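Observations on chain architecture
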Amino acid sequence: MKTYIMQSATGAPSTFTGSPSEVVDQMTENTQMVFKTREDFRRSYAQLACDWTGSPVRFTTDDELVEDLIEVGFLKEKK
């Protein structure tokens, strides 16, 4: 099972495990923001990552979002 680490704005890292779908589930549970739909969450998170890194982030599927979050360095796979 893959484990990913994300450094938060507060400095405390968050850890997520599992498939891209499970990672997005965990990210959704850990947020203090409210989203109407899963797509709305993915779109907002992609926009945040894009603004932060200056790189485009896809959000059509959980797989694309997690793949791009890794690509831009927002998520790091724990080895």
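Whatever comes next refers back to the structure up there.
Rules of the game
Residues numbered from 1 in each chain as written. Predicted model: local features only at pLDDT ≥ 70, side-chain atom pairs only at ≥ 80, totals over all residues. Heavy atoms only, no water. Core = buried A, V, L, I, M, F, W, Y, C linked by side-chain atoms within 4.5 Å. Buried < 20%, exposed > 50% of the residue type's maximum accessible area, 1.4 Å probe, protein only. Helix = DSSP H or I, 4+ residues; strand = E, 2+ residues; numbered from the N terminus. Contact = heavy atoms within 4.5 Å. Expected span 1.5 Å × (residues − 1). Arc of directions from axis to C-beta. Salt bridge = Lys/Arg side-chain N within 4 Å of Asp/Glu carboxyl O. Phe/Tyr/Trp six-rings, centres within 6.5 Å; stacked < 30°, edge-to-face > 60°.

This next bit is on the nonpolar core. Grouped together as the largest cluster of nonpolar side chains are 17 residues, with contacts concentrated most on M6, V23, M27, Y45, L69 and L75. Those elements that place two or more of their residues in this core are β1 (3–7), α1 (20–30), α2 (38–53) and α3 (62–71). The element contributing the most residues to this core is α2, with four residues. If near-sequence neighbours (up to four positions away) are discounted, M27 is found in contact with M6, F16, F41, Y45 and L69.

With that out of the way, let us pick up α2. The end-to-end C-alpha distance of α2, which contains 16 residues, comes to 22 Å, matching closely the 22 Å that a straight helix rising 1.5 Å per residue would cover. Buried within α2 are the following residues: F41, R42, Y45, A46 and A49. Axial view of α2: buried residues confined to an arc of 125°, hence all on one face. Considering only its buried residues, α2 is in contact with β1, α1 and α3. Where α2 terminates, the next one or two residues include G54, which has phi positive at roughly 80°.

Tallied over the entire structure, the rule returns eight salt bridges. Of the charged contacts in the structure, one is a salt bridge between R58 and D68, with a shortest N-O distance of 2.9 Å. With R58 in the loop between α2 and α3 and D68 in helix α3, this pair connects stretches of sequence that are 10 residues apart. Exposure remark for R58: the relative accessible area of 35% places this residue in the partly exposed category.

This model, assessed by the stated rule, comprises three aromatic pairs. Judged by centre distance (5.2 Å) and plane angle (40°), the ring pair of F41 and Y45 falls under tilted. Separated by four residues within a single helix, F41 and Y45 lie in helix α2, roughly one turn from each other. Classification of F41 as buried rests on a relative accessible area of 1%. The exposure class of Y45 is buried, given its relative accessible area of 15%. The interplanar angle of 85° and the centroid separation of 6.2 Å between the aromatic rings of Y45 and F74 together place this pair among those described as edge-to-face. Taken together, the residues span a long stretch of sequence, with Y45 in helix α2 and F74 in the loop between α3 and β3 (76–78) at a distance of 29 residues. One aromatic cluster is present, built from ring pairs that chain together F35, F41, Y45 and F74.

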